[in-house]
Amino acid sequence: MAENSTHGGHLMEAADVVQALEGLRGHRAVVTAGRVCVYVPSIDDTVRIDAAKVRRCKRIWAPSGDPAVEFVMGDEEGVWPLIITSDDVVYQPVDTGAVLDSHIEYRITNAPHIVAYTEMERAAEEVALTCEQPGPIELDGAGATLLLVRCFIVAATLAGLRPVRSVAWWLRGWAALEGDVLLPRFRADSAWDELVHEASQLTVTASAQGEDDVATAAADVAITDFHQLEPTLTCVALDDEFVSCWRASMPITPTRFVETLLNGLDAARADVALYPGGGGNVDVMLGDGSAQALLQLSWSDKVALHVDEIRIANALAHTGLFQRMMFNTERLATLLGFAQVTILASGVGAYAFAAMGYPRDPELYQAMRHRRH
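Residues numbered from 1 in each chain as written. Predicted model: local features only at pLDDT ≥ 70, side-chain atom pairs only at ≥ 80, totals over all residues. Heavy atoms only, no water.

1. What about the nonpolar core?
- Membership of the largest hydrophobic core comes to 59 residues, with the highest contact counts inside it found for Leu21, Val47, Ile49, Phe71, Leu82 and Tyr91.
- Of all the elements, helix α3 (residues 139-158) adds the most residues to this core, at 11 residues.
- Excluding anything up to four places from it in sequence, Leu82 contacts Val47, Ile49, Val69, Glu70, Phe71, Met73, Val89, Val90, Tyr91 and Ala159.
- Core analysis: the next-biggest nonpolar cluster, separate from the first, contains 39 residues, Val243, Trp246, Leu286 and Val307 among them. (Core = buried A, V, L, I, M, F, W, Y, C linked by side-chain atoms within 4.5 Å. Buried < 20%, exposed > 50% of the residue type's maximum accessible area, 1.4 Å probe, protein only. Helix = DSSP H or I, 4+ residues; strand = E, 2+ residues; numbered from the N terminus. Contact = heavy atoms within 4.5 Å.)

As structure tokens, this is what we get:
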């Protein structure tokens, strides 16, 4: 994808930012006083980009395989990332020092160097529900998570976002602990106060999907459930033994399996084999003729899901297909309960291996590494 850079030492203009965002479906960009306001429907929020702080930008592929734009933002103090995808906004959390009013440094050892808006909302909900659970709570961990989520939220406001739902969840978690958190007081923040006022008028409900119901449905699968998915899903030696292996080792339904593994892969099909010892393998095939792609997965236990091969024809290379395959694989591994995903890069040519993480810009990457250390 083409890169849009600064020209002759001059910063990009608002029109350049709008042009870079073309191709992200559903977004609406409006320019107001040098700021590009981009409404992202999937999160129902608007990110506001100060064109004067954009050093350069580049169109990239998100981990899901969808188009995205990575902005290198900067001022005299340094650079930071802002990434807009088709359905999310990714940004850099603030340090705890920007949130806590204390001369002592508080460090969250597992804090990410970047976070997505959807991850912030999920983390806010999860910590609130954890704090509301009956029985004893590990207060240090809960307090650290609340602090981390607040760092996410404050950083989002610096990008012009207004994550009211996340604040509402945060307030629920904080109220549930009744102040029993070993943290210094928070800094005064007018943007936070405005969000608290809005959040106080909002009722949030848990989005957790019924895992018990899913597990029950998976335990009740029958041969007919697999026949209904043919030819999209083909099972090797489909019989009562295969169904028994599925019930014993696959905690999701065949439909959920197909929806997860083949999501976004038009006309793809999968062959799956299961073995009595708990192992199995899957072949995913996409396309025909000279435009073909292959993904092969295998496992012998729930320790690791192995990516044995990814082969993508030249005609399909650099289209985001690799990222989509790996994105789906990671989601499937999570649903199936694997501890890790392993991949062996052993070839070139038609293989389309690519960096999965953010940021992609070399200057941003070095800045993030320095910040972590």
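The discussion continues.
2. Looking at the pattern of salt bridges
- Taken as a whole and assessed by the stated rule, the structure comprises 9 salt bridges.
- For Arg162, the salt bridge identified is with Glu198, shortest N-O distance 2.4 Å. Of this pair, Arg162 sits in the loop between α3 and α4 (164-177) while Glu198 sits in helix α5 (residues 190-199), placing them 36 residues apart in sequence.
- Given the relative accessible area of 34%, Glu198 is considered partly exposed. (Salt bridge = Lys/Arg side-chain N within 4 Å of Asp/Glu carboxyl O.)

3. Observations concerning the pairing of strand β6 (residues 67-75)
- Counting buried positions along β6 yields 7 of 9 residues, so the element is predominantly enclosed.
- In the sheet, strand β5 (residues 54-61) pairs with β6 via 7 bridges, with the strands oriented antiparallel. The partner of Trp61 across the bridge, within β6, is Pro67.
- Pairing of β6 with strand β7 (residues 78-85), which is carried by 8 bridges, proceeds in the antiparallel orientation. For Val72, the partnering residue across the bridge sits in β7 and is Pro81. (Pairing = 2+ DSSP bridges.)

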